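Structure assessment
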Amino acid sequence: MKNKTVKMVLAVVVLGVCCGAYAGVKTYVAHQEQKESEEDSEESTTVFTASTDNIKSLDFMVDDTETTFEKDDDSWVKKDETDFPVNQTTLDSAASAIASVDSDRVLEDVDDLSEYGLDSPSNTIKIVTKSDEEDGDDITTTLYVGDENSSTSQYYVRKDDDEKTVYLIDSSCVEPFAKSLNDYAQMEDFPAISNTDTITKISVDGDNFYELSKDEDTSTWSVKGSEDEEKADSATVSSLVSSFGSMAYSSLADYKCDDKSKYGLDKPYATITVDYQEEVADDDTDEDTQDDTTASGETADEDASSVEENSDDAEQDTESDESVSETTDETSEAEDTDGEEAEDETSENSDSEDSSEEETKMADKQLTILVGNETDDSSRYVMVNDSNEVYTMSTDTLSALTDKSEEDFWDMTVSYVSLNSLGSLKVNYQGSDYKVNVSRETSTDDDGNDTETVTYKLNGSDLDETTFTTFYNKLINMTAQKRLTDKYEPDGDAELTAIFTEEDGDTQKVAYYSYDTNYYAAVVDNKVYLVNKMNVKELFTAFESVVGTEEDSSDKTDSDEATTDDTKSDSTDMPGESIEEFNDSTSETAGITNDSDTSEEENADSQETDSTEE
């Protein structure tokens, strides 16, 4: 038993010594290899060299398939598929990379190619070059690519039939041959719209459908989806429209698609359609120019004929009166000269038109983008127009279109009526009614220059322009954070109601209701906007300044007279009237009320002036 224990201990000791010796030998060998590598780094061995002009073909593995690209004159073609759109730059770069292959370390007398991954090469590159001799045969050189040395970023290769020599070559010689087939294809450029100002319609049909349309007269945009068409926010639409000028593909997925279902394009995730215009050559230009030239020629001939007739008449006059004959001859010569100059000028103009630049015209175009499945790199497959090519495009680029709905484009301006077109404004604030009339008078100075003077009156009394416009700008520039799409039933009366009457009689009404701790509900027709409560409070404060200014600047007598005058001109201005009653009559009386109010108020002012003078 004791002997067995001693033997076991000795065996363990021997094993430990052996392991230590193995580790030492391995370290030594690695050290020697590194030393040899450092010594050999100063020298390099040429593995392959050739002029790129002499390279006739490159044969290598692409997507686990042997693929050959060969030169046809000065262009690369895919040998078994001549219609393949070869990217000439990519193949030229590959040829340049393999034209000069050097190794800074050569391993000779190699017994086991598997140590370098050369028993089953990852790629085999065959290079066919022209012979240096004029009638010589082509030369084929084969490089077998093995494993990558991760510490040096180099690859192990062997050449032709030599299985005893292994070279370490730079990765730049190998990587151009490690792509997928589509990487060697020429990508088409996305048909970006150079002038996005010509876009007139954008429609997106997917999970949500919406359509943006541009009014050619006003250049304003509207949006339509499942609801009625309404005004769109100009800034939001402008950002979307401009994106069509910079869209680009990410990569080519299929240069000749014969099965759209592989990419989800048979039933697209979304379909994007854009109507726009593009400048094209005017094919009718030459015909028009030719017609114009012919017409000019006919005119010149008629002028020449007329000159000849005048000359004949002059000769007849000469027989009866010599003095008149001399004068007539001079006139005839002058007319002949003018006729010749006219013919020369016509000819020059015709030549000028022929040599002018080709004329262009605007043609209607349409861009259609089919959006398919998502890829593994945050992209989606797309097909454009009638092309059979499938590309990928960034999801971020597409989502700006496909992930929107009509609500995202709604104009959030609550109630905008330009001050320049305002005739009157009726306001009910906290149960009291107020009316602002706007008067415009045009005067002409001695130089004929027109000047427009605008005055404002609140309930018949003069109103400070700055105070009113400060309030009015807040009123018409009020914007909402969002819109309610569900039915809204106000809880209580509106705190402020405003009715705009434009000079042409059009009216618009907005009512502000307290909604919650954060918002006021602004109701315009059937639209309900949620507006920041602080902004509405500022609006109320501005209107209180308008009312306060009116009360401070008018004494009791003036107020009574203004009320009487206003009552005469428009019975609907009586205190305590309802906003709804005014709304019914405003469109019929707006223009008359402004004129009569102004006239009677001027009479009242005149009476006050006379009283003061007395």
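Being a predicted model, the structure only gives us computed values, none of them experimental.

Criteria and cut-off values
Residues numbered from 1 in each chain as written. Predicted model: local features only at pLDDT ≥ 70, side-chain atom pairs only at ≥ 80, totals over all residues. Heavy atoms only, no water. Helix = DSSP H or I, 4+ residues; strand = E, 2+ residues; numbered from the N terminus. Buried < 20%, exposed > 50% of the residue type's maximum accessible area, 1.4 Å probe, protein only. Contact = heavy atoms within 4.5 Å. Areas by Shrake-Rupley, 256 points an atom, 1.4 Å probe, with all protein chains shown as cover. Salt bridge = Lys/Arg side-chain N within 4 Å of Asp/Glu carboxyl O. Pairing = 2+ DSSP bridges. Axes fitted to C-alpha atoms, helices over the stretch in contact; angles between N-to-C directions. Expected span 1.5 Å × (residues − 1). Polar contact = N/O pair within 3.5 Å; in protein donor to acceptor, adjacent residues only side chain to side chain. Patch = residues over 30% accessible without salt bridge, like charges linked within 9 Å, V, L, I, M, F, W, Y side chains within 5 Å. Lys, Arg positive; Asp, Glu negative; His and termini not counted. Charge placed at Lys NZ, Arg CZ, Asp CG, Glu CD.

We now examine the overall build of the protein. In terms of regular secondary structure, the protein is built from 10 helices and 27 strands. A buried classification covers 37% of the 614 residues belonging to the protein. Counting contacts in the protein only where the partners sit at least 6 residues apart, residues at least 24 apart contribute 62% of the total. Taken as a whole, the protein presents about 36,300 Å² of accessible surface, with 40% of it coming from carbon and sulfur.

Take the environment of Ser 239 next. On the secondary structure map, Ser 239 appears in helix α3 (residues 234–243). Note on Ser 239: relative accessible area 49%, which makes it partly exposed. Distance in space between the C-alpha atoms of Ser 239 and Ala 400 is 9.7 Å, their sequence separation being 161 residues.

Structurally, the position occupied by Val 417 is in the loop between α6 (395–402) and β19 (422–429). Val 417 sits in the buried class, given a relative accessible area of 3%. Along the backbone, Val 417 and Tyr 472 are 55 residues apart, and their C-alpha atoms lie at a distance of 9.6 Å. Beyond its immediate sequence surroundings of up to four residues, Val 417 is in contact with Tyr 472, Ile 476, Phe 500, Glu 502 and Gln 508.

Looking now at the pattern of salt bridges. If you walk through the whole model with that rule in mind, you get 14 salt bridges. The residue Lys 126 makes a salt bridge to Glu 66 at a minimum N-O spacing of 4.0 Å. Of the two residues, Lys 126 sits in strand β6 (residues 123–129) while Glu 66 sits in strand β3 (residues 65–72), which places them 60 residues apart along the sequence. Residue class for Lys 126 comes out partly exposed when judged on its relative accessible area of 33%. Put simply, Lys 78, Asp 80, Glu 81, Asp 83 and Lys 256 are held in one network by salt bridges that share partners.

Turning next to the sheet that holds strand β9 (residues 166–170). Across the sheet, 9 strands lie side by side as β1-β5-β9-β8-β7-β6-β2-β3-β4; this open sheet has antiparallel pairing. Each edge of the open sheet is held by one strand with a lone partner, namely β1 (45–49) and β4 (75–78). Within the sheet, the average angular offset between the axes of one strand and its neighbour, ignoring direction, is 30°. Sheet analysis places strand β5 (residues 100–107) next to β9, joined by 4 bridges and oriented antiparallel. Paired with Val 106 across the two strands is Tyr 167, which belongs to β9. Contacting β1, β2 (55–62), β3, β4, β5, β6 and β7 (139–149), helix α2 (residues 88–98) crosses the sheet at an angle of about 100° to β2.

Residues three or four positions apart in an α-helix share a direction because the helix packs 3.6 residues into each turn. Taking 1.5 Å per residue as the helical rise, helix α7 (residues 465–476) with its 12 residues ought to reach 16 Å, and the 16 Å between its terminal C-alpha atoms agrees with that figure. If you check which residues of α7 are buried, you get Thr 467, Phe 468, Thr 469, Phe 471, Tyr 472, Leu 475 and Ile 476. N-cap assignment for α7: the residue whose side-chain oxygen lies 3.4 Å from the backbone N of Thr 466 is Asp 464.

For the rest of this paragraph, the subject is the sheet that holds strand β12 (residues 221–224). Taking strand neighbours across the sheet as the criterion, the 9 strands line up as β13-β12-β11-β10-β15-β16-β17-β18-β14 in an open arrangement whose pairing is antiparallel. Each having just a single partner strand, β13 (230–231) and β14 (251–254) make up the two edges of the open sheet. Here α3 sits on the sheet in contact with β10 (201–205), β11 (209–214) and β12, set at roughly 95° to β11. Each of β10, β11, β15 (270–281), β16 (360–374), β17 (379–384) and β18 (390–394) is contacted by α6, which is oriented at about 80° to β18, the strand it contacts most.

A separate point is a negative patch on the surface. A contiguous patch of negative charge, built from Asp 53, Asp 72, Asp 73 and Asp 74, is present on the exposed surface. Here Asp 72 is to be found in strand β3.

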